[in-house]
Every structure is written in structure tokens, then in C-alpha cells.
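# Understanding the architecture of this molecule
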Amino acid sequence: QGRLHEEQLRGRLAWSLECLRAQVDDGAGDAGRVLGRWIAAHDGERPFFWFTNLIECHSPYLPPQPYNDLGPLDRVRAGEDARRHLSFQGVLQTCLGGLELDADALERMRHLYGRSIRYMDDWLANLLDRLEGRGLLDDTLLVVTSDHGENLGEGGLIAHALSLDDRLIRVPLIATGPGARRLGEMHSLVGLPHALGAATEVPSSPWNGAPGSEWPAVAQFEPPVLREDPRAAETIERWGLGEEELWRLTTPFTCAT
């Protein structure tokens, strides 16, 4: 994503060429190779803990081929959609109504978001096959979750800015293996470290006594700029927006479930 913000012609051409080729990902390939080496070298005796953070489903939703199955011209167009709407500024401006997202661009985003999810499905299947091939899967507690979801045009919103809709905060939590049932009472990721410690019978950790199922699940969104910051009003004026958009840009959100 490094070239997403390039404004010079050379940088924009390099970005378009990368989108046309659709041969790179956001790190899943490298992460899979690292885990593959660890699995191959594991002796089957020592306990291990791996945390893998993948961002393939994060904007700008540009998976590599064959998952990016658009034609060459639409791959370039998707890259331009990302440049226009999925930079930090582009997301905010689009969500505030200062930048119109046309139907074709939105359809490309939704399609490639789905294809990015398929890429993650296949990546996870490959990891499970490797663990099973080494006889490690049955003795491993595997947890799959996400930090947030995405808006894809609903209510004029994209990505995960200026919103605490259920589309963003109702994330998947899938667990299998020894101790997985102990995660069944959770309803917030705040409790995940404590639940993992209990499931794996770690006697003491900094998360012992973490909020349990009796606590409400709370999600928060901090605005990118505060109302008293002069940049807020300057930005809204530059974008040709008004007082309501200024309020939306600078208001923190809290959601308790």
C-alpha cells in the first residue's frame, strides 16, 4: 500500500502497474512461509503460541491473482478507486458525503472484498493442512477472530471510519481444539486473553480476573481530530462541507451491547 498516496506521476504509474499485475499481497504469503518453517521444525513436544495478524481483507481490497479475477482494465480502475476513496483522507471525505462513490467503483470494492475473504479462507485451510500433516492439529487450540468488519457503501459509509454499526463490531470468533468450549461464554474480545489463559491452564497472567460474561461489550471510536483543533474546521471548509459534517468528524462514539 506504500504507493497508494503517491501524487507524482511516476508514483501513480507505478501504483497502476502494480494493480494491473496483481501479483503481490499484504504479507499473507510471507506469514504462511514463516509458519510453514516453524511447523516443519517443530518436535511435537514443546508447547507453542503463535499470533498471526493478517490484513488481506483490509482496504484497499486488492488481492493477488487468481483471487483478483477482474480484467486488466478493471484491475487498474480498482487501484484508482482505492487511491480516491480508500486513503485515510479519502475514507473520511467519502463517509462525510464530500466525495461521491459511484456504483461501478462500489461494485468493484464489494467484489474484491469477497475475493480477499476467499484468499484468507484458502490461506487458513493450507495452515490447517500443514498442522494436521505434522500431527499437531488435534492438540492445538485454534482461534480465528477479527478486530473489526467493514462498511461497503451502507448508509454512505465505507471502511471502518465514523461508525460503530454492527457490520463493524459484530466480529467472528471461531475456536476449535482443546479448551475451545471455555471461550463459549465470551461476548467481547476484551475477555479473549483471560479466556485463552484459562483454556490452556496458565496459572497466572496479567489478564486473570478480566471482565467476564456479566460485563457489557463496549466498543469505542475516537475521532481523528477534536472539535477545538483548528484543522477540523479548516478541513471541512476545504472539502466544501458544513456544520453537520464537522460534528460527525469530531464526535467520539461509544456503543455498549
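Residues numbered from 1 in each chain as written. Predicted model: local features only at pLDDT ≥ 70, side-chain atom pairs only at ≥ 80, totals over all residues. Heavy atoms only, no water.

### Side note on the nonpolar core
In terms of nonpolar packing, the biggest core is built from 33 residues, with Y61, L86, V91 and L162 touching the most fellow members. For this core, the secondary structure elements donating two or more residues are α1 (9-21), α3 (72-85), α4 (88-95), α5 (103-133), β3 (158-159), β5 (218-221), α8 (230-238) and α9 (243-250). Considering every element that reaches this core, the biggest residue donor is α5, with five residues. Grouped together as the second largest cluster of nonpolar side chains are eleven residues, A28, Y67, W123 and L127 included. (Core = buried A, V, L, I, M, F, W, Y, C linked by side-chain atoms within 4.5 Å. Buried < 20%, exposed > 50% of the residue type's maximum accessible area, 1.4 Å probe, protein only. Helix = DSSP H or I, 4+ residues; strand = E, 2+ residues; numbered from the N terminus.)

### Points about the packing of aromatic side chains
In the structure shown here, the tally under the stated rule is five aromatic pairs. With a centroid separation of 5.6 Å and 45° between ring planes, the pair formed by W38 and W50 is classed as tilted. Remark: W50 occurs in the loop between α2 (28-41) and α3 and W38 occurs in helix α2; sequence separation between them is twelve residues. Residue W38 is classed as partly exposed on the basis of its relative accessible area of 46%. Relative accessible area serves as the criterion here: at 23%, W50 is assigned to the partly exposed category. Geometrically, the ring pair formed by Y61 and Y113 is edge-to-face, given 5.4 Å between the ring centres and 75° between the ring planes. Note that Y61 is positioned in the loop between α2 and α3 and Y113 in helix α5, a separation of 52 residues in sequence. Side by side, Y61 and Y113 carry an identical accessibility label, which is buried. Here the aromatic cluster, defined as three or more aromatic residues joined through ring pairs, consists of W38, F48 and W50. (Phe/Tyr/Trp six-rings, centres within 6.5 Å; stacked < 30°, edge-to-face > 60°.)

### What to know about the environment of G133
Structurally, the position occupied by G133 is in helix α5. Accessibility expressed as a relative area gives 67% for G133, which makes it exposed. Separated by 94 residues in the primary sequence, G133 and I39 place their C-alpha atoms 9.4 Å from one another.

### Considering the pattern of salt bridges
Opposite charge on two side chains allows them to pair when their charged atoms are near. All chains considered together, the criterion is met by 14 salt bridges. The partner of R167 in a salt bridge is D165, and the shortest N-O contact between them spans 3.5 Å. The exposure class of R167 is partly exposed, given its relative accessible area of 35%. Between D229 and R231 there is a salt bridge; the shortest N-O distance is 2.7 Å. Put simply, E7, R12, E80 and R83 are held in one network by salt bridges that share partners. (Salt bridge = Lys/Arg side-chain N within 4 Å of Asp/Glu carboxyl O.)

### Comments concerning a negative patch on the surface
The grouping of E100, D102, D104 and E107 at the surface amounts to a negative patch. Locating D104 in the fold gives a position in helix α5. (Patch = residues over 30% accessible without salt bridge, like charges linked within 9 Å, V, L, I, M, F, W, Y side chains within 5 Å. Areas by Shrake-Rupley, 256 points an atom, 1.4 Å probe, with all protein chains shown as cover. Lys, Arg positive; Asp, Glu negative; His and termini not counted. Charge placed at Lys NZ, Arg CZ, Asp CG, Glu CD.)

### Overview of the packing of α2 against α5
Where α2 contacts α5, the axes come no closer than 10 Å and their chain directions differ by 10°. In terms of orientation, α2 and α5 fall into the roughly parallel class. On α5, the residues that touch A28, G29, A31, G32, L35, G36 and I39 of α2 are Y119, M120, W123, L127, R130 and L131. In terms of residue class, the contact of α2 with α5 is built from nine nonpolar, three polar and one charged. (Axes fitted to C-alpha atoms, helices over the stretch in contact; angles between N-to-C directions. Parallel < 35°, antiparallel > 145°, perpendicular 65-115°, else oblique. Contact = heavy atoms within 4.5 Å. Nonpolar A, V, L, I, M, F, W, Y, C, P; charged D, E, K, R; others polar.)

### Section: the packing of α8 against α9
Packing of α8 against α9 leaves a shortest axis separation of 10 Å and a crossing angle of 135°. Taken together, the axes of α8 and α9 are oblique relative to one another. In this structure, the crossing between α8 and α9 has a hand that is right-handed. Facing A232, A233 and I236 of α8, the residues of α9 in contact are E245, L246, L249 and T250. For the contact of α8 with α9, the class distribution of residues is five nonpolar, one polar and one charged. (Left-handed = near helix turned anticlockwise from the far one by under 90°.)

### Here we look at the side chain of T140
By the secondary structure assignment, T140 is in the loop between α5 and β1 (142-145). Under the relative-accessibility criterion, T140 is labelled buried at 12%. In this structure the side chain of T140 is engaged in a polar contact, spanning 2.6 Å, whose partner is the backbone oxygen of L136. In this view, T140 contacts F48, T176, G177 and P178; residues no more than four positions away in its chain are not counted. (Polar contact = N/O pair within 3.5 Å; in protein donor to acceptor, adjacent residues only side chain to side chain.)

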